[in-house]
Amino acid sequence: IHSFCKKDDHNKENLFNSLNYDVAAKKRKKDLMNNKAKIQYFHQEKWIYVHKGSTKERHGYCTLGEAFNRLDFSSAILDSRRFNYVVRLLELIAKSQLTSLSGIAQKNYMNILEKVVQKVLEDQQNIRLIRELLQTLYTSLCTLVQRVGKSVLVGNINMWVHRMESILHWQQQLNNIQITRPAFKGTTFTDLPLCLQLNIMQRLSDGRDLVSLGQVAPDLQVLSEDRLLWKKLCQYHFTDRQIRKRLILSDKGQLDWKKMYFKLIRCYPRKEQYGDTLQLCRHCHILSWKGTDHPCTANNPETCSTSLSPQDFINLFRF
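Going by the annotation in an unreviewed UniProt entry, the name recorded for the protein chain is F-box only protein 32, with Chionis minor given as the source organism. UniProt, in the comment section headed Subunit (unreviewed entry), describes the protein chain in these words: "Part of the SCF (SKP1-CUL1-F-box) E3 ubiquitin-protein ligase complex SCF(FBXO32) formed of CUL1, SKP1, RBX1 and FBXO32."

Attention shifts here to the overall build of the protein chain. Scanning the protein chain for helices and strands turns up 15 helices and four strands. Expressed as a percentage of its 319 residues, the buried residues of the protein chain come to 32%. A separation of at least 24 residues holds for 62% of the contacts in the protein chain among residues at least 6 apart in sequence. Summed over its atoms, the accessible surface of the protein chain is roughly 20600 Å², and 52% of this surface lies on carbon and sulfur atoms.

The next subject is the sheet that holds strand S1 (residues 48-49). Overall, antiparallel pairing links the four strands, which are arranged S1-S3-S2-S4 in an open sheet. With one partner strand each, in any of the chains shown, S1 and strand S4 (305-308) form the two edges of the open sheet. Sheet analysis places strand S2 (residues 278-281) next to S4, joined by four bridges and oriented antiparallel. Looking at the pairing, Leu 280 lines up with Thr 306 of S4.

Every buried residue belonging to helix H12 (residues 227-237) is among Leu 229, Trp 230, Leu 233, Cys 234 and His 237, and all of these are buried. Considered in projection along H12, the buried side chains sweep an arc of 130° and stay on one side of the axis. Here the buried face of H12 lies against helix H9 (194-201), helix H10 (207-214), helix H11 (218-224), helix H13 (240-245) and helix H14 (257-267). Capping the start of H12, Asp 226 holds a side-chain oxygen 3.1 Å from the backbone nitrogen of Leu 228, two or three residues further along.

Another point: the side chain of His 237. Counting through the fold element by element, His 237 comes out in helix H12. A distance of 2.6 Å separates a polar side-chain atom of His 237 from the backbone oxygen of Ser 205. Among all residues touching His 237, those that are not within four sequence positions of it are Ser 205, Tyr 261, Pro 269, Arg 270 and Lys 271.

Further remarks concern the packing of aromatic side chains. Counted by the stated rule, this structure contains eleven aromatic pairs. Aromatic side chains Trp 230 and Tyr 261 sit 5.6 Å apart centroid to centroid with 55° between the ring planes, which places their arrangement in the tilted category. On the criterion of sequence distance, the pair formed by Trp 230 in helix H12 and Tyr 261 in helix H14 is long-range, its members being 31 residues apart. You can call Trp 230 buried: its relative accessible area is 1%. Put simply, the rings of Phe 68, Phe 73, Tyr 85, Tyr 109, Tyr 274, Trp 289, Phe 313 and Phe 317 pair up and form one aromatic cluster.

In this structure, Gln 124 is a non-glycine residue whose phi angle is positive, near 55°. Within the secondary structure layout, Gln 124 lies in the loop between helix H6 (103-123) and helix H7 (127-146). One non-glycine residue with positive phi stands out, namely His 285, at about 60°.

Next up on the list: the packing of H7 against helix H8 (residues 157-175). Contact pair H7 / H8: the axes reach a minimum separation of 10 Å and the direction vectors enclose 155°. Relative to H8, H7 is oriented roughly antiparallel. The two elements H7 and H8 meet at a crossing, and its hand is left-handed. Packed against H7, whose contacting residues are Ile 127, Ile 130, Arg 131, Leu 134, Gln 135, Leu 137, Tyr 138, Leu 141, Cys 142 and Val 145, the element H8 presents Ile 157, Trp 160, Met 164, Ile 167, Leu 168, Trp 170, Gln 171, Leu 174 and Asn 175 at the interface. Its residues assigned to classes, the contact of H7 with H8 comprises 15 nonpolar, three polar and one charged.

Conventions adopted
- Per-chain numbering applies: the sequence of each chain, read as written, is numbered from 1 onward.
- Residues qualify for local features only when their pLDDT is at least 70, as the model is predicted, and side-chain atom pairs are given and counted only at 80 or more; totals for whole chains, interfaces and linings, by contrast, use all residues.
- Side-chain metrics rest on all non-hydrogen atoms present in the structure, leaving aside hydrogens and water.
- UniProt positions are given in the numbering used here, feature names are shortened, and annotations may be inferred rather than shown by experiment.
- Counting from the N terminus, the helices are DSSP H or I runs at least four residues long and the strands are E runs at least two residues long.
- Relative accessible area decides the class of each residue, using a 1.4 Å probe on protein chains only: under 20% of the type maximum gives buried, over 50% gives exposed, and in between gives partly exposed.
- In this description, contact between two residues means that some pair of their heavy atoms is separated by no more than 4.5 Å.
- Residue-level accessible areas treat just the shown protein chains as cover; the underlying method is Shrake-Rupley with a 1.4 Å probe.
- What makes two strands pair is DSSP finding at least two bridges between them.
- The arc in question is the one traced by the directions running from the helix axis out to the C-beta atoms.
- Pairing of N or O atoms within 3.5 Å defines a polar contact, subject to two protein rules: one partner must be a possible hydrogen donor and the other a possible acceptor, and residues neighboring in sequence count only if both atoms are side-chain atoms.
- A pair of Phe, Tyr and Trp rings is counted when the ring centres sit within 6.5 Å of each other, with Trp represented by its six-membered ring. The angle between the planes then sorts it: under 30 degrees is stacked, over 60 is edge-to-face, the rest tilted.
- Geometry is summarised by axes, namely lines fitted to C-alpha atoms with helices restricted to the contacting stretch, and by angles between N-to-C directions that run from 0 to 180 degrees.
- Should an angle fall under 35 degrees it is taken as roughly parallel, and over 145 as roughly antiparallel, whereas 65 to 115 is taken as roughly perpendicular and any remaining angle as oblique.
- By the definition used in this description, the sense in which the near helix is turned from the far one sets the handedness, with an anticlockwise turn below a right angle giving left-handed and a clockwise turn giving right-handed.
- Any residue that is not Ala, Val, Leu, Ile, Met, Phe, Trp, Tyr, Cys, Pro, Asp, Glu, Lys or Arg is counted as polar, Gly included; the first ten are nonpolar and the last four charged.

Take a look at the structure:
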């Protein structure tokens, strides 16, 4: 400071201008690098940092719509291990979270839903699952469109009417599906021994699939009524306490496990199991699909990951 005071005002002014220029140049360079990093992060990375508050390092909140845009759901529906997970997540959003999505997220939601429907129309699998999803979404939209004066939906009302018409069209396409018998003349399901048929049926986790299978042939109808089969299904989805509260006796004085199952699913949620799920890293709070690389600083990132159910994913963004 003493040396600066001895110089004339002209030199001082040049010195401070030079310092200001250097600071401004460094700031522009830093901003440019940050902007590039953000663009690259948004388009290429398949993970997202979940934070619920503002800090010195991060500003704002991570929303459900942002996570829905950033995570790779378009590719996930093509993976048979993740398909049911994504469909369940779409159903939960349709029930209660549509209004929390941004305009871009809502558009992305409809695009992914269209891809799901097209996939089902092509491979003719999971038809009932998608029918239920479309019906849930249509019912929710009917309720929301009636309240459009309260600005509960993003966008023009005509756009949402068009989307509802698309949903009705998809439902009609699913109803018109005619499943053809494959031209395969080898061993069929009914050619297997009864013990193997029963063993395969025990792998079905939905009672409605058992009922549908029993309608294929008279022999399968007998197997689908097996008491032990329905007992294991009840014990898989529900706790002993829940089962004791809904006991139903048959005419022979035995427990009617089939009726108990359908009564239990009306009272309690069924157990959900997925081949692959989204995972949250407890160390760095990053959300991603299993197997996706993210910048974790933990020594053993695999031990820090926690699997999230679709409902857990929704709960992350409830503030």
